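# Notes for the structure review
Each chain, letter by letter, is given below.
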Amino acid sequence: MSSTDFALELRSVTAGYGSAIVLHDVDLTVPPRSVVALLGPNGAGKTTLLRVASGLLRARSGTVAISGADLTRARPARRARAGLCLIPEDRGVFTDLTVRENLRLLTPPWRRHRGVDDVLDIFPALRTRLDQRAGSLSGGQQQMLALGRAWLADPAVVLLDEVSMGLAPLVVDEIFAALGELRAAGAAILLVEQYVDHAMTMADHVVLLSRGMVTFAGPAAEIDRDAVLENYLGIDSGHTDLPASPAGHPPGTVAGPWA
Ligand code: ATP
C-alpha cells in the first residue's frame, strides 16, 4: 500500500512528556473505511498516541499523515480539516449547551452538506432531546451526541478513546451499532477500547501496544483472542462474552491485574 492508501499513518513516532518518552518508534496505519483496535494495558501509551495523531501533542520524531498528506507539524484544527476527528475520553461535548446547539456548533463550516436533521436519522436517541442541555443527558446519550458530531464532520478517520467507559453493557451495544453506522458512512475508525471483545469483534486490524512499543500489528482474524486476553492483557478468558474484571471496573474490561 502507498501512503495515500491510509486514512491515518504514523511512522516511527517517538513522543512523550518532559523528559519521559512514552511512545518509542511507533508505526500504526489505518486503511480507509477500516476499524483498527488499539489495545494495551493501562499506561501503555494509547491516549498519548491519539494525542500525537490529532496534534494535541507534538511527536519528537517520526511522521503523521492523514489521507496521504504529511501533517506532522500541523495544528489540531488543520488536521480536523484534513478529515481527522478525535472523540476524547470526556466526549468533548459542551454540557451547558443543548443537543441542537452542540450539533450546530460542532458541524465544521467546511462540511455543511450534512445537517442536524440527517444526524437524527442515524442517532434517533437524540431526536426527542434536541432542546435538552447536553449535561443532563445520560453518559450513553452524551456519547451518541459525540458520535453525531463525528458523523456531521464526515471524517476520513475517527479516533475514539474509551468510547464505552462507564456505560452499561446494553448501552455499549448501542454505541457499537452507532460506530457501525459511522463506518458505513465512510469513516475509518481507530478504537481505544476497554471492552476487548467488542473491539476485536468489530476490528479489521489489531495493534497491541506495550510500554509505548508495538508488539503486534495485523489482521484481527490472525490474532488469538484468548492468548491476547490471558498472556498480553492478563485477563481470564474463561468468560467468553465478557471476561472477568477486578472490583471497581465493569465486567469485560481490560482494566486488569497490570493496573
Ligand atoms: P490508560 O488506559 O490508563 O489511559 P494509556 O495506554 O492511554 O493508559 P497514556 O494515558 O497514554 O496511557 O499514558 C502513558 C504514560 O504517559 C503513563 O505513564 C502516563 O502516566 C504518562 N502520561 C500521560 N499523560 C501525561 C501528562 N500529561 N504528563 C506526564 N505524563 C503523562
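Residues numbered from 1 in each chain as written. Predicted model: local features only at pLDDT ≥ 70, side-chain atom pairs only at ≥ 80, totals over all residues. Heavy atoms only, no water.

## Here's the deal with the site of the ligand
Note the cut-off: For this description, a residue counts as near a given molecule or strand if any of its non-hydrogen atoms is within 4 Å of it. Identification of polar contacts relies on pairs of N or O atoms within 3.5 Å, with a donor-acceptor requirement for protein atoms, meaning one able to donate a hydrogen and the other able to accept it, and with residues adjacent in sequence counted only if both atoms are side-chain atoms. In this description, accessible areas are obtained by the Shrake-Rupley approach with a 1.4 Å probe, and a residue is regarded as covered only by the protein chains that are shown. Each helix corresponds to a stretch of at least 4 residues labelled H or I by DSSP, and each strand to a stretch of at least 2 residues labelled E; elements are numbered beginning at the N terminus. Residue type decides the class: Asp, Glu, Lys and Arg count as charged, Ala, Val, Leu, Ile, Met, Phe, Trp, Tyr, Cys and Pro as nonpolar, and the leftover types, Gly among them, as polar.
Taken together, Tyr17, Val22, Pro41, Asn42, Gly43, Ala44, Gly45, Lys46, Thr47 and Thr48 make up the full set of residues adjacent to the ligand. Within the backbone of Ala44, one N or O atom sits 3.1 Å away from an oxygen atom of the ligand. Taking Thr48, its side chain carries an N or O atom lying 2.5 Å from an oxygen atom of the ligand. Burial of the ligand by the protein chains amounts to 55% of its free accessible area of 640 Å². Sorting elements by how many residues they give to the shell around the ligand places helix α1 (residues 46-54) first, with three residues. Of the residues in the shell around the ligand, the class split is four nonpolar, five polar and one charged.

## Points about the confidence of the model for the chain
It should be kept in mind that the predicted coordinates are not to be read in detail where pLDDT is low. So the rule is basically this: Predictor confidence is given residue by residue as pLDDT, running from a minimum of 0 to a maximum of 100. In this description, contact between two residues means that some pair of their heavy atoms is separated by no more than 4.5 Å.
For the chain, per-residue confidence averages 84 on the pLDDT scale, and 83% of positions sit at 70 or higher. Every residue in residues 239-259 scores below 50 in pLDDT, and together they form 47 contacts with partners more than four places removed in sequence or on other chains.

## Some details on the nonpolar core
The line we're drawing: For the purposes of this section, nonpolar cores are sets of buried Ala, Val, Leu, Ile, Met, Phe, Trp, Tyr and Cys residues that join through side-chain atoms within 4.5 Å. Throughout this description, buried means an accessible area under 20% of the type-specific maximum (1.4 Å probe, protein chains only), exposed means over 50%, and partly exposed covers the range between.
Ranked by internal contacts, the top residues of the largest apolar core, which has 47 residues, are Leu147, Leu160, Leu179, Leu191 and Val206. A per-element tally of this core places helix α5 (residues 139-152) first, with seven residues. Val30, Ala74, Ala188 and Leu209 belong to the second-largest nonpolar core, a separate cluster that totals 32 residues.

## Brief notes about the environment of Leu182
In this fold, Leu182 is placed in helix α6 (residues 169-184). Residue classification places Leu182 among the buried residues on the basis of a relative accessible area of 1%. Taking the C-alpha atoms as reference points, Leu182 and Arg33, separated by 149 residues in sequence, lie 9.2 Å from one another.

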